[in-house]
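For reference, the chains in residue letters:
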Amino acid sequence: MNASNETSASGPNESPTVPIHLRPARAADVPALVPLLLRLKRLNEEFDPLLKVRDDAERQANEVLRAQLSDPKAVILAAEGVGPDKDKVVGFVRALVRERPFYTPEWEGVIVDIYLLPLYRRHGVGEYLLREISSALKAKGAGVVTAEFPAQNEIASRFYAKRGFRAIQSLHARSL
Amino acid sequence: MRQSPNYSNVSAKVLINGTPVNALPMAESTTAPVAEGRDARRRTRSNRSAAARSEGKTAALGRRAVALSEFYQGKVETVPKVPVRSLADFALWYTPGVAEVSRTIQADPDRSFDLTGRWNTIAIVTDGSRVLGLGDIGPRAALPVMEGKALLFKWLGGVDAVPLPIVAKTPEAFIATVEAIAPAFGGINLEDIASPKCFGILEELQKRLPIPVWHDDQLGTAASTIAGLLNALELTHRSVREIRTVLLGAGAANLVTARLLLTLGHDPHRLSVVDHRGVLDAERDDVDELMLRNPWKYRVALQTDGGGRSGDLAHALEGADVLLAASTPDPNTIRPEHIRSMGKDPIVFALANPVPEIWPQVASEAGAAIVATGRSDFPNQVNNSLIFPAVFRGVLDARARSIPDEIVLAAARELALHARDRGLSTTHILPTMEETEVFPHVAAAVGDATVRLGIARRALSHDEFLERARTLMERSTRLVRALSLARLTPKMPSAKSLSQRKQG
C-alpha cells in the first residue's frame, strides 16, 4: 500500500498564497527527490563533522526513498512548482511514524527531512508543508509530531519554535 | 627591515586608495592611453614590462616608507584648536569651566556636536583581518595603514580621523567595542575587515549607532564603480534599466555594487554575479552553505538567480553590455574572447589591484568600448578616494544620524555629473584625483541628501554645505603647509640623508 494515499495532502488543496502544489510523492519522483535529499544532508554536514555525508549517499537515498514510498509507516510529500516550474519538484518533506515505548502518546510522527529550493523559501511554503505533513501523520495515528535536525541548526530551531515545537530530548554524540 | 615580497601588495591598495598620481613616481613612466587596434603584441609586452617596472618601484617605495616612518614616527598628531595664552585659560578649557559644558551635554546629548570636536571627528576602526593585500595581519600591524587613511581624511576631507585598530576575537566583540567608543565620534569608518564578516559588522553598527557608519571596501568602491558606470552608459547611450551586466567577484565591493544596481532599477534577471565557482544562481550546489555562512551573497543569489544564466564566466558574458570585475589580480582572468563574445560597445571595468583582470589595451583590442581599472597609471581610475573624504565631509557637516544607500548613490551621481561637466570621453568617465574641486561638490550633494532624507541634525542649504566643505578642506592643506613652513613638520629627508642618519 502506498502510504501517501492516505494523506490529506492529495488533491488541489494548497493555499492560494503558496506558489507550490503539494502531493504525495510517487516512484517516478525519486530521481528528482534524490538531489534535494542530498542537498539537505550536505547542509547538515555544515553543522557537525559527525554529519559528514558518505560517498554512497546517492545510492542510499535512492534505496531509502523507494523503500519508504511503499512503507505504510512513512509519508513523503512532494512540492511541485507552479507556472513555468509546473511538474518540477522544488521541495519535499519526509516523515516516519514510530512507536514510543513507555511514553504516551504511543505513536509519534518524526519529520526527518524537510527541504525547499531557495527560491521557494519565505513564502509560507515551509509552514504549509509542516501543516500538511502533520495532518498526514495524525491520520496515521500519531499523537505527537517531532522534528529531527542538527543541534546547531538555528534556522530550523527558530522555524519549529515559532510553530509551537519545544525540545524534549537531546541526542549527544562522541566519536569512538 | 626588509619585507620586499609584501610591498607589491602594499602598493596595490595605496593606488586604489588614491594617493594622488603625482605623488607616485611610477605614474609618468607608464601612462598608457586606450589604444585603437594596431600592433597588439607590442603593447601587451609593454604593459607587462610596465607591470614589472611598477613592481620594482613598489619595492623601493616600501623601503623608503619604512625609513620615513622611522624618521617621522607616525603620520598624524593632536593639535590644539583653541588659543592658550597662559595656564589660566585651562580654567575655561578644563576644570572648573568645562563642568558646565558637560552638564549642557548631559541635558541634551546632541549638544556634543556643538560643544566638542565630535562634529568633525571619526574613528577609523579595524580588526586587521584583511589589510591591503596582506591578509589577516592583525590590529597592531594595521596601524600604519590606518594612520595613512587618517592623513588622507584630513588632507582631502578636512576630517579629524583617529586610527583605532581593535583586538577583537569575534565580530560581536568588535561591534560591542565600537559601540562603546562611539560617544566621542561623529562617524565611524570601518577599514580592512574581511568579507563576509564586514557585512554583518556594518549592518549591525549601522543599526545600533546614531551616527554614520561606513565601510570603504563596500560602499566607497561600489560608489565610485557606479559613478564610472553611469558615465560609461551615458557615453554609449544606454540606461541601467536595459543592460545585461556581469559582476565578476562576489566580495565586499561587488555585492554592494549589485545591491546599488538593483536599487537603480537594473533588471535582476539580467544581472549575473560570477565567482570562482561560476555563475551564482539560486540552485547552485553551495547555495545552502551560503545561506549559513554568507547571507548577503545568498540574498544576491536569490534576487538575481544567475541573471538567467548558469555555468561559467564565458556563458554569463555572451551578449552582455557590462562587465564589472573586482576579483583577483591576474591579467588572464578575463580573456579577449570573453570580451569578443559580449554585446555591442562592451564596457569593461577590471578593478583588481595591482594587476587588473585584463590589461586595458588587451580589452580595447578585443573590442571593449570603455575600459576602467583601479590604477592611476591607466585612464579611468575607479578610486574610492574620490568618494570617502567628501562623503564624510558631507555627513559630518550635516551631523547626520546615518548613511543609507541613497547617500552612497547621491555621492556617485555627483561624481558622475562632475566628470560630465569636464567633458566625457572613453578615457574620462571619472574625475581624476587632480580635479580637487570635485570634493566639495560631492560633499554638498551628500549634505543635501541627508536633509532630503530627514537624517540631518543640522539642515544647511546647498550653498552653505558647499562653502563649509571648501573652507574645511582648504584649511587642512593650509594647516599642513603652515606646519611645514614653520619647520614644525621637518622637511622630507632624502633617502641618502636617511641612510646616513641610520649609520650615525
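Residues numbered from 1 in each chain as written. Chains lettered and ligands numbered in written order. Predicted model: local features only at pLDDT ≥ 70, side-chain atom pairs only at ≥ 80, totals over all residues.

Student: Explain the overall build of chain A here, please?
Tutor: When helices and strands are tallied, chain A shows four helices and five strands. Overall, chain A shows an N-to-C arrangement of helices and strands of β-α-α-β-β-β-α-β-α. A globule of 176 residues ought to have a C-alpha radius of gyration of about 16 Å, and chain A, at 16 Å, matches this closely. Here the C-alpha coordinates of chain A stretch approximately 50 × 35 × 35 Å along the principal axes. (Helix = DSSP H or I, 4+ residues; strand = E, 2+ residues; numbered from the N terminus. Rg over C-alpha atoms; globule rule 2.2 N^0.38 Å.)

Student: Help me understand the overall build of chain B in this model?
Tutor: Broken down by element type, chain B carries 20 helices and ten strands. Counting only contacts in chain B whose residues sit at least 6 apart along the sequence, the fraction spanning at least 24 positions is 74%. (Contact = placed C-beta atoms within 7 Å.)

Student: Explanation requested: the interface of chain B and chain A in the structure shown.
Tutor: Many descriptions give the size of an interface as the accessible area lost when the pieces come together. Contacts between the two partners involve eight residues from chain B, matched on the other side by six residues from chain A. Among the elements that take part in the side of chain B that touches chain A, helix α11 (residues 287–293) of chain B stands out by supplying four residues, more than any other. Partitioning the side of chain B that touches chain A into residue classes produces four nonpolar, no polar and four charged. (Nonpolar A, V, L, I, M, F, W, Y, C, P; charged D, E, K, R; others polar.)

Student: When you look at the packing of helix α16 (residues 388–397) of chain B against helix α19 (residues 462–485) of chain B in this model, what are you seeing that I'm missing?
Tutor: Packed helix pairs are specified by the crossing angle of their axes together with the interaxial distance, meaning the distance between the axes. Residue and element names in this part refer to chain B. Contact pair α16 / α19: the axes reach a minimum separation of 10 Å and the direction vectors enclose 120 degrees. On the basis of the axis angle, α16 is oblique to α19. The hand of the α16/α19 crossing is right-handed. Mapping the contact onto sequence places R393, G394 and D397 in α16 and F465, R468, A469, L472 and M473 in α19. Here the residues of the contact of α16 with α19 are counted per class, giving four nonpolar, one polar and three charged. (Axes fitted to C-alpha atoms, helices over the stretch in contact; angles between N-to-C directions. Parallel < 35°, antiparallel > 145°, perpendicular 65-115°, else oblique. Left-handed = near helix turned anticlockwise from the far one by under 90°.)

Student: Can you walk me through the nonpolar core in this structure?
Tutor: Soluble globular proteins tend to pack their nonpolar side chains together in the buried interior. By size, the foremost hydrophobic cluster in this structure holds 127 residues, and its most contacted members are I188, L323, A325, V391, A411, L415 and V446 of chain B. Excluding residues that lie within four positions of it along the chain, V391 of chain B makes contacts with W214, I407, A411 and V446 of chain B. Counting residues in each nonpolar core, the second largest holds 36 residues, with L43, L69, I76 and I133 of chain A among its members. (Core = buried A, V, L, I, M, F, W, Y, C linked by C-beta atoms within 7 Å. Buried ≥ 20, exposed ≤ 12 C-beta atoms within 10 Å, placed from the backbone.)

Student: Looking at this model, I keep getting lost on the sheet that holds strand β3 (residues 187–190) of chain B. Mind explaining?
Tutor: Paired through backbone hydrogen bonds, the strands of a sheet run either parallel or antiparallel to each other. Residues and elements named next belong to chain B. Spatially, β2-β1-β3-β4 is the arrangement adopted by the four strands of the open sheet, whose pairing is parallel. The open sheet has two free edges, formed respectively by β2 (160–165) and β4 (213–215), since each of these has just one partner strand. Direction aside, the axes of adjacent strands within the sheet are offset by 25 degrees on average. As judged from the four bridges shared by strand β1 (residues 121–126) and β3, these two strands associate in the parallel manner. Within β3, the residue paired with V125 across the bridge is L190. Sheet strands in contact with helix α8 (residues 197–208) are β3 and β4, and its direction is about 165 degrees off that of β4. Those strands touched by helix α9 (residues 216–235) are β3 and β4, and its axis lies near 75 degrees from that of β4. (Pairing = 2+ DSSP bridges.)

Student: So what exactly am I meant to see when it comes to the sheet that holds strand β5 (residues 245–248) of chain B here?
Tutor: Residues and elements named next belong to chain B. Read from one edge of the open sheet, six strands run β7-β6-β5-β8-β9-β10, paired in mixed fashion. Two strands close off the open sheet at either side, each with one partner strand: β7 (278–279) and β10 (370–373). Inspection of the sheet shows β5 paired to strand β8 (residues 322–325) by four bridges, in the parallel sense. By the bridge assignment, L247 is partnered in β8 with L324.

Student: Which parts of the structure should I look at to understand the pairing of β1 of chain B?
Tutor: As a general feature of sheets, a regular strand has side chains that alternate between the two faces. Residue and element names in this part refer to chain B. For β1, the tally of buried residues reaches five of six residues, placing the bulk of the element in the interior. Judged from the six bridges that link them, β1 and β2 form a sheet pairing that is parallel. Note on β2: the bridge partner recorded for T126 is P165. At this point the chain moves from β1, through helix α6 (residues 138–157), to the parallel β2, and the crossover so formed is right-handed. (Right-handed = clockwise from strand over helix to strand, strands pointing away.)

Student: Any chance you could explain unusual backbone geometry here in plain terms?
Tutor: In most cases, non-glycine residues show a negative phi, while peptide bonds are predominantly trans. Cis peptide bonds are those with omega within 30 degrees of zero, and the linkage from T104 of chain A to P105 of chain A qualifies with 0 degrees. Mapping P105 of chain A onto the fold places it in the loop between β3 (89–99) and β4 (107–116). Of note, the phi angle at R122 of chain A is positive, near 65 degrees, even though the residue is not glycine. With a phi close to 60 degrees, R487 of chain B is a non-glycine residue in the positive phi region. Within the secondary structure layout, R487 of chain B lies in the loop between α19 and α20 (495–503).

On their own, these measurements won't tell you what the molecule is for.
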